[in-house]
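Structural characterization, general
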Amino acid sequence: MTEVNNTATYVVENRIAWVKFNRPEKRNCMSPRLNQRMMEVLDELEYRDDVGVLILTGEGTAWSAGMDLKEYFRETEAKGLGAVRQAQRESYGWWRRLRWYNKPTIAMVNGWCFGGGYGPLFACDLAFAAEEAQFGLSEINWGILPGGGATKVAVELLSMRDAMYHALMGENIDGKKAAEWKLVNEAVPLERLKDRVTEVANVLLKKNPVALKATKDAVRRVGEMTYDNAEDYLVRAQEAANSFDNDGRKEGIKQFIDDKTYKPGLGSYDVAASPG
Ligand code: COA
């Protein structure tokens, strides 16, 4: 009988899927087994009607201590190039899946976040950290470059000087510094982290879900486009969104212009009035 793989777990509560890295005794470092389970978890949750937001956090003292040096590196390398490539496909695969997830996603960084952990960190649309959390590109400390996208994440999110210092020095920064550097949106004391993230998730749950998906993709896509290409992409992305949700946008206009029940500049229309 094969052993149950619970290296990642989830519960769904009030339309929020709380997904956890679940290898606390190994500081939630990512083994091939964990990467396989994460992909399954993402599959299981992505199109569930009772899930509006996904939050990724860690069990115990870590968010994720990065790639598993033993199971992801040493043991797969011992099996040869095919095994290495497979392990890469599995980890990069679920991070990519998360980057383009159908639901908005939030990283809730409760503790250690190292190296390969920057992949899922970046994959989440928003990120909130405990002030006490520790972030590091520790690769240089054990003799490799920050691979698996980690260098790209640093350069995407940080200034060139901060990215270079972070990658070369192998020093950790805490959650407060991570917020200052814009690696995460915000840092709050650990004891308030879950409440703050729940508050943010509840705001997202009140928005039009088709618009959320179109918006999150647009923010990621336009970064590498010229202005004209972005303009064109955004027209087409909105037109494509209309074909999935014709009524939401019209309802949003109606509640403002005709019903005068809300002002878009001050809050969201009542999505429940027109589920689309
Ligand atoms: N790969 C493999 N095993 C890891 C690991 C990793 N990335 N991170 C932690 N572990 C294991 C430890 O080997 C230890 O295993 P053991 O109980 O069988 O001895 C267990 O998890 C607990 O780790 P420990 O170092 O005792 O915990 P700590 O709370 O004192 O320290 C860290 C936490 C995160 C600072 C430390 O574990 C660490 O430096 N991990 C490596 C981080 C890293 O460089 N990741 C980058 C990978 S790309």
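Residues numbered from 1 in each chain as written. Predicted model: local features only at pLDDT ≥ 70, side-chain atom pairs only at ≥ 80, totals over all residues. Heavy atoms only, no water.

It is worth spelling out the site of the ligand at this point. Near the ligand, the surroundings consist of 13 residues, among which Lys26, Arg27, Ala65, Leu69 and Ser138 are the closest. In the environment of the ligand, a nitrogen atom lies 2.8 Å from a nitrogen or oxygen atom belonging to the backbone of Ala65. Within the complex, 59% of the 860 Å² of free accessible area of the ligand lies under protein. Considered class by class, the residues forming the shell around the ligand number six nonpolar, two polar and five charged. (Near = heavy atom within 4 Å. Polar contact = N/O pair within 3.5 Å; in protein donor to acceptor, adjacent residues only side chain to side chain. Areas by Shrake-Rupley, 256 points an atom, 1.4 Å probe, with all protein chains shown as cover. Nonpolar A, V, L, I, M, F, W, Y, C, P; charged D, E, K, R; others polar.)

A few words now on unusual backbone geometry. Even without being glycine, Asn28 reaches a positive phi, approximately 55 degrees. You can see Asn28 is positioned in the loop between strand S2 (16–21) and helix H1 (32–46). Taking relative accessible area as the criterion, Asn28 reaches 0% and is therefore assigned buried. If you check the backbone angles, Lys182 has positive phi at about 70 degrees while not being a glycine. Among the secondary structure elements, Lys182 is positioned in the loop between helix H8 (175–180) and strand S10 (186–188). Judged by its relative accessible area of 56%, Lys182 falls in the exposed class. (Helix = DSSP H or I, 4+ residues; strand = E, 2+ residues; numbered from the N terminus. Buried < 20%, exposed > 50% of the residue type's maximum accessible area, 1.4 Å probe, protein only.)

Below, the discussion takes up the side chain of Lys103. Along the polypeptide, Lys103 turns up in the loop between helix H3 (81–99) and strand S5 (105–109). Buried Lys103, no salt bridge; nearest opposite-charge side chain is Asp49, N-O distance 6.2 Å. A polar atom in the side chain of Lys103 sits 2.8 Å from the backbone oxygen of Val51. Apart from residues lying up to four places away in sequence, Lys103 is in contact with Leu45, Glu46, Tyr47, Arg48, Val51, Gly52, Asp125 and Lys216. (Lys, Arg positive; Asp, Glu negative; His and termini not counted. Salt bridge = Lys/Arg side-chain N within 4 Å of Asp/Glu carboxyl O. Contact = heavy atoms within 4.5 Å.)

What follows is about the nonpolar core. Counting 63 residues, the largest nonpolar core has Ile55, Leu56, Trp94, Ile106, Val109, Leu121 and Phe135 as its most contacted members. Among the elements that take part in this core, helix H9 (residues 190–205) stands out by supplying six residues, more than any other. (Core = buried A, V, L, I, M, F, W, Y, C linked by side-chain atoms within 4.5 Å.)

What follows is about the sheet that holds S2. On the basis of which strands lie adjacent, the open sheet formed by six strands has the order S1-S2-S3-S5-S7-S10 and mixed pairing. If you trace the sheet from one side to the other, it starts and ends with strand S1 (8–13) and S10, each paired once. With direction set aside, neighbouring strand axes in the sheet form an average angle of 20 degrees. Sheet topology note: the S2/strand S3 (residues 53–58) ladder contains six bridges and is parallel. From the neighbouring strand, Lys20 faces S3, where its bridge partner is Thr57. (Pairing = 2+ DSSP bridges. Axes fitted to C-alpha atoms, helices over the stretch in contact; angles between N-to-C directions.)

Okay, a nonpolar patch on the surface next. Taken together, the side chains of Met160, Met164, Tyr165, Leu168 and Met169 define a hydrophobic patch exposed on the protein surface, amounting to about 520 Å² of accessible area. Along the polypeptide, Tyr165 turns up in helix H7 (residues 160–169). (Patch = residues over 30% accessible without salt bridge, like charges linked within 9 Å, V, L, I, M, F, W, Y side chains within 5 Å.)

Our focus in this paragraph is the state of the cysteines. On inspection of all chains with the given rule, the structure shows zero disulfides. With no disulfide partner, Cys29 has as its closest neighbouring cysteine sulfur the one in Cys113, 13 Å distant. Residue Cys29 is classed as buried on the basis of its relative accessible area of 10%. Not engaged in a disulfide, the cysteine Cys124 finds its nearest cysteine sulfur in Cys113; these two sulfurs lie 10 Å apart. Given a relative accessible area of 4%, Cys124 falls into the buried group. (Disulfide = S-S within 2.5 Å.)

Let us look at the sheet that holds strand S9 (residues 173–174). Reading across from one edge, S4-S6-S8-S9 is the order of the four strands in this open sheet, with mixed pairing throughout. The outermost strands of the open sheet, each flanked by one partner alone, are strand S4 (62–64) and S9. In terms of strand pairing, strand S6 (residues 112–114) meets strand S8 (residues 134–136) through two bridges, oriented parallel. Each bridged residue has a counterpart across the sheet, and for Cys113 the counterpart in S8 is Phe135.

The subject of this paragraph is helix H11 (residues 227–244). Look at H11: 26 Å from first C-alpha to last across 18 residues, which is about the 26 Å you get at 1.5 Å a residue. The inward-facing, buried residues of H11 abut helix H10 (209–222) and helix H12 (246–257). (Expected span 1.5 Å × (residues − 1).)

Here we take up the packing of aromatic side chains. Taken as a whole and assessed by the stated rule, the structure comprises nine aromatic pairs. Taking 6.4 Å as the distance between ring centres and 75 degrees as the angle between the ring planes, the aromatic pair formed by Trp94 and Trp95 counts as edge-to-face. Take Trp94 and Trp95: they sit in the same class, and that class is buried. Within the aromatic cluster, the residues linked to one another by ring pairs are Phe21, Trp63, Tyr92, Trp94 and Trp95. Against the face of Trp18 rests Lys194, its NZ or CZ located 4.7 Å from the ring centre. Across the ring face of Phe122, the terminal group of Arg220 is positioned such that the distance to the ring centre comes to 5.1 Å. (Phe/Tyr/Trp six-rings, centres within 6.5 Å; stacked < 30°, edge-to-face > 60°. Lys NZ or Arg CZ within 6 Å of the ring centre and 35° of its normal.)

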